[in-house]
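# Topology and contacts: notes
Each chain, letter by letter, is given below.
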There are 2 protein chains.
Amino acid sequence: MSFKAALDDIQFNLFEMGLLKQIQVLPGFEEITDDIVPAVLEENAKFVEEQLAPLNKVGDMEHAQWSNGEVKSPTGFKDAFKAYTESGWQALQHEVEYGGQGFPKLIAAATSENLHAANMSFGLCPMLTDGCVEAIRQAGSEQQKNLFIPPLLDGRWTGTMNLTEPQAGSDLALVNSKAIRQEDGTYRLFGQKIFITYGEHDMSENIIHLVLARTPDAPKGVKGISLFVVPKFLVNEDGSLGKRNDVFCTSIEHKLGIHASPTAVLVFGDNKGEVGEGAVAYLVGEENAGLSYMFIMMNEARFNVGIQGIAVSERASQQALAYAKERLQGSSLDRQTDRQAGPVPIIHHPDVQRMLQTMQSLTQGARAIALYAATAHDLSTHHTDDTVRGHNKKIQEYLVPIVKGFSTEMSLEVTSLGVQVHGGMGFIEETGAAQYYRDARILPIYEGTTAIQANDFIGRKTLRDNGEVALYFVAEMKKTREELQQSSVQHAKQMADYFSNAITAYQSAIETILDYAVHDQLREAYAVSVPFLMLAGYVHSAWHFAKAALVSQDKGTPFNKEKQQLALFYMTQVLPRVTGLSETIKASRYVPQMVIRD
Amino acid sequence: MSFKAALDDIQFNLFEMGLLKQIQVLPGFEEITDDIVPAVLEENAKFVEEQLAPLNKVGDMEHAQWSNGEVKSPTGFKDAFKAYTESGWQALQHEVEYGGQGFPKLIAAATSENLHAANMSFGLCPMLTDGCVEAIRQAGSEQQKNLFIPPLLDGRWTGTMNLTEPQAGSDLALVNSKAIRQEDGTYRLFGQKIFITYGEHDMSENIIHLVLARTPDAPKGVKGISLFVVPKFLVNEDGSLGKRNDVFCTSIEHKLGIHASPTAVLVFGDNKGEVGEGAVAYLVGEENAGLSYMFIMMNEARFNVGIQGIAVSERASQQALAYAKERLQGSSLDRQTDRQAGPVPIIHHPDVQRMLQTMQSLTQGARAIALYAATAHDLSTHHTDDTVRGHNKKIQEYLVPIVKGFSTEMSLEVTSLGVQVHGGMGFIEETGAAQYYRDARILPIYEGTTAIQANDFIGRKTLRDNGEVALYFVAEMKKTREELQQSSVQHAKQMADYFSNAITAYQSAIETILDYAVHDQLREAYAVSVPFLMLAGYVHSAWHFAKAALVSQDKGTPFNKEKQQLALFYMTQVLPRVTGLSETIKASRYVPQMVIRD
């Protein structure tokens, strides 16, 4: 089936949920008008639907192909990347000064979802390039910015992030690639990096690797990591390409999913290329400050991986819905219709509806959180008032692990239900549902596993400010609950009751976590960090559904009616999961440490 | 890593949980002694570990290969099948009269788990053959039994089930293959069947297809379905093979998982073969009674698919545990150890323990349910007392949808966590964790989707006897809860409290479902049938954990200590999910019917 970008729900969030109007008043975003936004989104939708979505299965079947150090992308990918960048989508969210279009994160989050929903394997290349651009913009020298950013935005070059080494996955303290300072101020870099997304490919003239490495005299651990630019081809001062640098792709991985996206093993300084000994590398910012720069990219990337979770869920939901409307099987439970009338489309069966509504409500809930977080990002960077900027920075940072952790975990459930709705056909690769199930499985792993998001959520986001932001949300939710209770929304009372229980569970979980910390029971806190993160995700989704039910109540469009229904479904059928999570968190003191036997 | 059959937990269930002694007293099972059982299980473990487990990845990589109507099995499969049948494993549970060994279902369930844990794709061939044997034994003529069963048990032939047609997946009323009666009492069969597991392969001389079809004058719907034997090669009266019958494999499916198991499209009566027009078919039992015979096979198969869920979960758990002990990453949270001491095995991290304990406790809980159900099966067939037989038949039938539905749904979670424990390595196919994730995905689909299990669970198993069996279990659970509460098991009070809440949730869910039925609110009942089934699965697991905690309390073996800990983990960290499920079930009256837009 053909994919359609989820413009109805995206625009519902932008317009009816009032996100867009908060950023339209910010300096720099004056041109993001009510007319421009739908035009841009429709243009973007048209592009991804026509140019990228049809390549999704092609890429899955052909895979990226490694041969003799080079990687061939699947049929159509190179042309599609050219079209993508020439149409300006790569430049959308970046600064006008370096060739960008200066759009807010809120709009970029929407186009990013469309990109990944159409073709997640393809989308990783622009996504990594965005992160590379952002790190150079924030931490690079003026020369680096001028030299590297414009070609990264216009599609001539792409960017990568090089963190992982075989012995250093989540634990960057273990990084041991070496960078040796030369007399001319450049460095020579030696080491092996693995899991490098689009670390080698044939879609651009050059690849700009951002690489973590240590200088010889660096302190141990994460405080001794520096960040370097290592271009595949050296770049002359006029921007033209020079010698082939000593970074080579020795293999790519054979993966469960995202087959079209090459996951490269890169070797630096193995005496190949045209530059002599060691890959030529340029320091970004200061020595030993690499980790903080890497976090710039990583926070970008974590948010975007969350968007990928929403995107693949949207795609899986659409396909399951279409199949459920077409597939005839079984008789209707509805007594009004004739049971002898022959088989009905399976969408009429209660459990198929349960699956579809679960898929849709999880997806829409996670989307609402992400677009809300993107708005906070824009407010944190563009608002004129320091206090507002600071407040929104905290909001956005609190939400990033939820966007990453919750959206990707729920995408496993949604893509699994997508297979299930198809029955036996779902297990056949030709159907396509299985691809989403396979592709999604990387999302809770890369850019920091769910446990790492959950530890960040507890440690840096909840404990560090003593629960201030967390409890701010609890207070806001209570206001919405109040409003819902007093509204004339259908089943408002029931929804408010369920929401109320969930808010109580959230507040109690926050207090439990704070309490563990006060008593130095860190193991008790971290043993339930993932349940706590998931609980927060469910409750935040509920909050946005409550607001959505309120704003959509008097509107007669089919989409608004569906939103009302989905809110009711979510509150009564999905949200109750928080009760169990809450009990789990409270019981963490009884969790036994495993006996580790040889 | 190498696979080890889970003999510790299997024997814990057989001996310490007292299952074996219930069946040792039954007539026919006198030889199933305390000495024989471990010897058989160890022999079986040795066989599957050495002969089948190493072929699991081979089969995944090579796939079954179709060419010109024939299917080539992966390297090693043919020899392994010969060894499997020659060692007598295929004959284990079948009647001595036809060449079987007459072992009880309880032991067969254990060896079946070992088989599927070692190699699920391989295991499907013996599993389907078991179903075929059982249907012929129960519904076939004496001649059919004597002709077909012995070669099915000794490995010369294998069996299949042919239900599905392109338009008839779960809905057998739509079957339209035709069988036309001939003057000699045989039939000629025409039609196309899809999704036929091991419908064609090269591991045996002949294949016995059991096929659902309609005679020309059959009534519409499921009451007009008859069951036929259609051998690939006709069988002479002396058992030797005759002409090639008109059943051919036109293709096999390209699937997400179980790559080594050929899933065939079979065409009957396409004027190929050596028998003239139509495939030669032999009626099993009476015309138009095929559905009830098919249910014999299906109930067998459903139980065994549940076992597959437990098996693949066991395999995934073992691999994740081994990886977690080896992989060094991050520092220990434990203040007692030196944080500068370098990275620790990831099993020391609380969230890795949470994942591993979730995997292990879900697996062990489901195993306890399945072995308990197998015992009920044996009591229902072999006990001398009518009342005991009848009671146990109800017990067993009530548990089959739980064994099938719950064990397979939980296997999705367990195999997904298995990938997650491996981090980025989990997404790389070479690691093996991804194969379990892919293989498991068929389990909640074939032999009736989870929704079909759940509808059976509500309709035939809960409503039909007005909740009698369901409430019997509630009463039994309350007794165990009482016993636990008064015991000196560590944290007995906490476990009993959590268990008590879960029993209340179960009872309340049963009453809600009965109430919906009384008020003819079937849609409300079926809208939460899957949550109800899952709730039952969690509570039944908890019951067995409660009993396990009681029987293992004073025993000092490492396994018993782990069981105690796992019981505590399960009660406090997994079981609370039922609270949410219970709320969901109660709220089913608010579930909105979907607006179906074109």
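Residues numbered from 1 in each chain as written. Chains lettered and ligands numbered in written order. Predicted model: local features only at pLDDT ≥ 70, side-chain atom pairs only at ≥ 80, totals over all residues. Heavy atoms only, no water.

## Brief notes about the overall build of chain A
Secondary structure assignment for chain A yields 19 helices and 12 strands. Taking 25 Å as the expected radius of gyration for a compact globule of 598 residues, we find that chain A reaches 24 Å, a close match to that expectation. Taken along the three principal axes of its C-alpha coordinates, chain A extends 80 × 60 × 60 Å. In chain A, which comprises 598 residues, the proportion classed as buried is 65%. Contacts spanning at least 24 positions in sequence make up 75% of the contacts within chain A whose residues lie at least 6 apart. (Helix = DSSP H or I, 4+ residues; strand = E, 2+ residues; numbered from the N terminus. Rg over C-alpha atoms; globule rule 2.2 N^0.38 Å. Buried < 20%, exposed > 50% of the residue type's maximum accessible area, 1.4 Å probe, protein only. Contact = heavy atoms within 4.5 Å.)

## Some details on the packing of helix α1 (residues 7–16) of chain A against helix α18 (residues 558–574) of chain A
Residues and elements named next belong to chain A. Look at α1 against α18: their axes get within 11 Å of each other, and the N-to-C directions meet at 85°. Here α18 runs roughly perpendicular to α1, going by the angle between their axes. Seen from α1, the contacting residues are Asp8, Asp9, Phe12 and Glu16; seen from α18, they are Phe559, Asn560 and Lys563. (Axes fitted to C-alpha atoms, helices over the stretch in contact; angles between N-to-C directions. Parallel < 35°, antiparallel > 145°, perpendicular 65-115°, else oblique.)

## Quick word on unusual backbone geometry
Residues and elements named next belong to chain B. Residue His491 is not a glycine yet carries a positive backbone phi of 60°. Located in the positive-phi region is Asp520, a residue other than glycine, with phi close to 55°. By the secondary structure assignment, Asp520 is in the loop between α15 (492–518) and α16 (522–526).

## Some thoughts on the packing of aromatic side chains
All chains considered together, the criterion is met by 33 aromatic pairs over all chains. Each ring, one from Tyr398 of chain B and one from Phe457 of chain B, has its centre 4.9 Å from the other, and the planes form 50°; the classification is tilted. Separated by 59 residues along the polypeptide, Tyr398 of chain B in helix α11 (residues 386–421) and Phe457 of chain B in helix α13 (residues 450–463) bring together distant segments of the chain. Taken individually, Tyr398 of chain B and Phe457 of chain B each receive the classification buried, so the pair is uniform in this respect. Relative to Tyr538 of chain B, the ring of Phe406 of chain B lies with its centre 5.1 Å away and its plane at 80°, an arrangement referred to as edge-to-face. Taken together, the residues Phe406 of chain B in helix α11 and Tyr538 of chain B in helix α17 (residues 529–552) connect sequence positions 132 residues apart. Residue class for Tyr538 of chain B comes out buried when judged on its relative accessible area of 6%. Taken together, the aromatic side chains of Tyr372, Tyr398, Phe457, Tyr472, Phe473, Phe532 and Trp543 of chain A make up a single cluster linked through ring pairs. One Lys or Arg, Arg244 of chain A, reaches over the ring of Phe248 of chain A and ends 3.9 Å from the middle of that ring. (Phe/Tyr/Trp six-rings, centres within 6.5 Å; stacked < 30°, edge-to-face > 60°. Lys NZ or Arg CZ within 6 Å of the ring centre and 35° of its normal.)

## Observations regarding the pairing of strand β6 (residues 206–213) of chain A
When a strand is regular, its side chains alternate between the sheet's two faces. Residues and elements named next belong to chain A. Most of β6 sits inside the fold, with eight of its eight residues counted as buried. Across the two faces of β6 the burial is the same, with Asn206, Ile208, Leu210 and Leu212 and Ile207, His209, Val211 and Ala213 all buried. Both β6 and strand β7 (residues 226–231) contribute to a ladder of six bridges, which runs antiparallel. Bridging across to β7, Ile208 finds its partner in Pro231. (Pairing = 2+ DSSP bridges.)

## Observations regarding the UniProt feature "domain: Acetyl-CoA dehydrogenase-like C-terminal" (unreviewed entry) in chain A
The positions that UniProt labels "domain: Acetyl-CoA dehydrogenase-like C-terminal" (unreviewed entry) are, in the present scheme, residues 473–588 of chain A. End-to-end, the C-alpha atoms of residues 473–588 of chain A are 24 Å apart, and along that stretch the chain is 84% helix and 0% strand. (UniProt positions renumbered as here; feature names shortened; annotations may be inferred.)

## Side note on the relation of the copies chain B and chain A
Turning chain B through 180° and shifting it by 0.0 Å along the axis lays it on chain A, with an RMSD of 0.0 Å. Such a turn and shift between the copies fits a two-fold axis. In terms of proximity to the rotation axis, the leading residue of chain B is Gly580 of chain B, whose C-alpha is 2.8 Å off the axis. Looking at the interface residues of chain B, 100% of them are also at the interface in chain A, so both copies use one shared face. (Least-squares fit on C-alpha atoms with pLDDT ≥ 70 in both.)

## Comments concerning helix α9 (residues 290–326) of chain A
Between its first and last C-alpha atoms α9 of chain A spans 53 Å; for 37 residues at 1.5 Å apiece the expected length is 54 Å, and the two agree. Of all 37 residues that make up α9 of chain A, 30 are buried, and the element is covered over most of its length. (Expected span 1.5 Å × (residues − 1).)

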